[in-house]
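Survey of secondary and tertiary structure
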Amino acid sequence: MDRTTGGLDPAGAAALLQASASALRGELSGLSPALLAWHPALGEWCAKEVVGHLIEAEQRGFAGRIRQILAGPEAPRFAAWDPAEVARSRRDCAREIEGLLGEFGALRDASVRLVGSLRTTDLGRGGEHPSVGYLPIGDLLHEWVHHDRNHIRQILANVQAFVWPHMGNAQRFSQP
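Attention in this report is confined to the structure presented alongside it. Here, residues in each chain are numbered from 1, in the same order as that chain's written sequence. Reporting in this predicted model follows two pLDDT cut-offs: at least 70 for local features of residues, and 80 or more for side-chain atom pairs to be given and counted; totals over whole chains, interfaces and linings ignore these cut-offs and use all residues. For the side-chain quantities, the full set of heavy atoms in the structure was used; hydrogens and water were omitted.

Only DSSP runs of H or I covering at least 4 residues are called helices, and only runs of E covering at least 2 are called strands; the numbering of each starts at the N terminus. Looking only at helices and strands, the chain has six helices and two strands in total. Going from the N terminus to the C terminus, the chain shows its helices and strands as α-α-α-α-α-β-β-α. For the C-alpha atoms alone, the extent of the chain along its principal axes is close to 60 × 40 × 30 Å. Only protein chains enter the accessibility calculation, which uses a 1.4 Å probe; a residue is then buried when its area is under 20% of its type maximum, exposed when over 50%, and partly exposed in between. Relative to its 176 residues, the chain shows a buried fraction of 41%. Looking at the chain alone, contacts between residues at least 24 apart form 72% of all its contacts between residues at least 6 apart. None of His or the chain ends enter the tally, which takes Lys and Arg as positive and Asp and Glu as negative. A single reference atom marks each charge: NZ on Lys, CZ on Arg, CG on Asp, CD on Glu. Placing the 18 positive and 20 negative side-chain charges of the chain at their respective mean positions leaves the two points 1 Å apart. The contact criterion used is simple: two residues touch if any of their non-hydrogen atoms lie within 4.5 Å.

Next up, the structure:
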């Protein structure tokens, strides 16, 4: 891995988190109710379930863990969580997208403020994760930006899979 670029500072990470929230809202605003609830395959998430996962990751993973780290002088021990089980219990596919986006938007606005308030000296502070070991805030910020884009890509792939069978001969434009 090339770490020579220096990575993101808190302001840069906050800007990218805000940008991914805007991209998510923009893409989801164009999707029909049928497409928002469409599962590309058994066991795969619909777009609304992806938003539910982003809500949980915001609270349990990224902003939640950063707040735990900043709350005290000792490195906290993080709790693991099962995203698939949490997604099943949330039942987001049955919810309205406006409610999900409202919940996500409020959390993300607070998270952008949190990340924007971080000092460079905070980036090395961290906590202990049961699966991956020590996680400093700087690593969490980079993974958060990556995670957002991975799930935006997932929603985009859902849309592509939804429209593919209806493209007829135009499918030939997308084949190698």
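From this point on, the discussion continues.
Below, the discussion takes up the packing of aromatic side chains. Aromatic pairs are defined between Phe, Tyr and Trp rings, using the six-membered ring for Trp, whenever the two ring centres lie within 6.5 Å; interplanar angles under 30 degrees are classed as stacked, those over 60 as edge-to-face, and all others as tilted. If you walk through the whole model with that rule in mind, you get two aromatic pairs. With a centroid separation of 5.3 Å and 80 degrees between ring planes, the pair formed by W38 and F162 is classed as edge-to-face. Placement of the pair is W38 in the loop between α2 (33-36) and α3 (47-71) and F162 in helix α6 (residues 137-163), with a sequence separation of 124 residues. Between F62 and W144 the ring centres are 5.2 Å apart and the planes differ by 10 degrees, which places this aromatic pair in the stacked class. With F62 in helix α3 and W144 in helix α6, this residue pair connects regions lying 82 residues apart in the sequence. Comparing F62 with W144, the two get one shared label, buried.

A pair of strands counts as paired when DSSP detects no fewer than two bridges linking them. Relative to strand β2 (residues 133-136), strand β1 (residues 126-129) runs antiparallel, the two being bridged by four bridges. Within β2, the position partnered with G126 by the bridge is P136. Once β1 ends, the chain turns through three residues before running back antiparallel as β2.

Moving on to unusual backbone geometry. Although it is not a glycine, R91 sits at a positive phi angle of roughly 55 degrees. With respect to the helices and strands, the residue R91 is situated in the loop between α4 (83-90) and α5 (97-117).

Another aspect to go through is α4. Three or more residues of α4 are buried, namely V86, A87 and R90. All buried residues of α4 project into a common sector of 100 degrees when viewed along the axis, lining one side. Exposed side chains of α4 directed beyond 90 degrees from the buried face belong to R88 and S89. As for α4, its buried residues are in contact with α3 and α5. Polar contact is the term for a pair of N or O atoms within 3.5 Å; when the atoms are in protein, one must be able to donate a hydrogen and the other to accept it, and sequence-neighboring residues count only if both atoms are side-chain atoms. Backbone nitrogen of A84 and a side-chain oxygen of the N-cap are separated by 3.1 Å at the start of α4; the cap is D82. In this description, one arc is meant: the one made by directions from the helix axis to the C-beta atoms.

A few words now on the packing of α3 against α5. Each pair of packed helices gets described by two things: the angle between the helix axes and the distance between those axes. Note on definitions: angles span 0 to 180 degrees between N-to-C directions of axes, and those axes are lines fitted to C-alpha atoms, for helices only across the stretch in contact. Two elements in contact, α3 and α5, have axes whose closest approach is 10 Å; the angle formed by their N-to-C orientations is 25 degrees. Between α3 and α5, the crossing angle belongs to the class labelled roughly parallel. Relative to α5, α3 is oriented so that their crossing is left-handed. Residues K48, V51, L54, I55, E58, Q59, A63, I66, R67 and L70 of α3 touch α5, and the partners they reach there are I97, L100, E103, F104, L107, R108, A110, S111 and L114. For classification purposes, an angle smaller than 35 degrees is called roughly parallel, one larger than 145 roughly antiparallel, one from 65 to 115 roughly perpendicular, and anything else oblique. Left-handed describes a crossing in which the near helix is turned anticlockwise from the far one by less than a right angle; the clockwise case is right-handed.

Here we come to the layout of surface pockets. Over the atoms a probe the size of a water molecule is rolled, and this reveals where empty space is left. In this structure, the second largest pocket encloses a volume near 250 Å³. Forming the walls of the second largest pocket are 15 residues, and the residues nearest its centre are F62, R65, W81, H129 and E143. For the lining of the second largest pocket, the secondary structure elements donating two or more residues are α3 and α6. If you tally residues by element for the lining of the second largest pocket, the top one is α3, at five residues. The residue classification treats Ala, Val, Leu, Ile, Met, Phe, Trp, Tyr, Cys and Pro as nonpolar and Asp, Glu, Lys and Arg as charged. All others, Gly included, are polar. Residues that form the lining of the second largest pocket fall into these classes: eight nonpolar, four polar and three charged. Think of a 1 Å grid over the protein atoms and nothing else: a 1.4 Å probe that fits but is trapped marks a cavity, an open set flanked by protein within 12 Å on at least five of seven lines marks a pocket, and residues with an atom within 4 Å of a point count as lining. Grid points are joined across faces, edges and corners, and a volume is the space filled by probe spheres set on the points.

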